[in-house]
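# Remarks on the overall topology
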Amino acid sequence: AQYRGSDAKGQPFTLDAGSAVQRSSAEPVVQLNELIARIRLEDGPASLTAPSGRYDMESERVNVDGPIAFRGPNNYTLDTQDAEVDLKTRKLRSREAVTGTVSQGTFSADRLDADLEARTVTLRGNARLRVNPRGAR
């Protein structure tokens, strides 16, 4: 199954799934398995993979129960569990622990709020950041 849309800036995204189940055409929520979301960021393509999730076609949000792997340009990674991804605004909010890598180093925390486009991450609870001075150049 494939769903297509565009974000608040008009940039396209796709949401692919190995399987999709929608209870009825009146219900906007689709249960997805083996999902891959692809979005275009200013500096290149990015993808988000997860074993399963629920896509709300009206709000264009994906709720994922389980692990999530986000991979973006320039080795930008973010791994978490149990999160909501808003495909319109390109924001992610986790409900569980998170680890990630940015050009400056690695991070971890109990939870996070992330703007995937702007690459801003707000770490909440037991936040740890390991800075690699050479990575910031």
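Below is a short write-up of the structure. Predicted, not measured: the structure shown is a model, and the values here were computed from it.

### Description of the pattern of salt bridges
Scanning the model with the defined rule gives 9 salt bridges in all. For Arg95, the salt bridge is made with Asp65, and the minimal N-O distance between the two is 3.3 Å. Taken as a pair, Arg95 in the loop between β7 (91-94) and β8 (98-102) and Asp65 in strand β5 (residues 61-72) lie far apart in primary sequence, 30 residues in all. Judged by its relative accessible area of 39%, Arg95 is partly exposed.

### With respect to the nonpolar core
Ranked by internal contacts, the top residues of the largest apolar core, which has 30 residues, are Leu15, Phe70, Leu78, Leu87 and Leu92. Contributing elements (two or more residues each) for this core: β2 (12-22), β3 (29-41), β4 (44-56), β5, β6 (76-86), β9 (105-109) and β10 (111-115). Among the elements that take part in this core, β3 stands out by supplying 6 residues, more than any other. Apart from residues no more than four positions distant in its own chain, Leu92 is found in contact with Leu48, Leu78, Thr80, Ala83, Glu84, Val85, Leu112, Asp113, Ala114 and Leu116.

### Details of the packing of aromatic side chains
Evaluated as defined, the whole model comprises 2 aromatic pairs. Judged by centre distance (5.5 Å) and plane angle (75°), the rings of Phe70 and Tyr76 are edge-to-face. Tyr76 matches Phe70 in its accessibility class, with the two residues each being buried.

### Digging into the pairing of strand β11 (residues 120-124)
By the bridge criterion, 5 bridges tie β10 to β11 in an arrangement that is antiparallel. Each residue of the ladder has a partner; that of Arg111, found in β11, is Arg124. Adjacent in sequence and paired antiparallel, β10 and β11 are bridged by 4 residues, among which Arg119 carries a positive phi angle near 60°.

Conventions adopted
Residues numbered from 1 in each chain as written. Predicted model: local features only at pLDDT ≥ 70, side-chain atom pairs only at ≥ 80, totals over all residues. Heavy atoms only, no water. Salt bridge = Lys/Arg side-chain N within 4 Å of Asp/Glu carboxyl O. Helix = DSSP H or I, 4+ residues; strand = E, 2+ residues; numbered from the N terminus. Buried < 20%, exposed > 50% of the residue type's maximum accessible area, 1.4 Å probe, protein only. Core = buried A, V, L, I, M, F, W, Y, C linked by side-chain atoms within 4.5 Å. Contact = heavy atoms within 4.5 Å. Phe/Tyr/Trp six-rings, centres within 6.5 Å; stacked < 30°, edge-to-face > 60°. Pairing = 2+ DSSP bridges.

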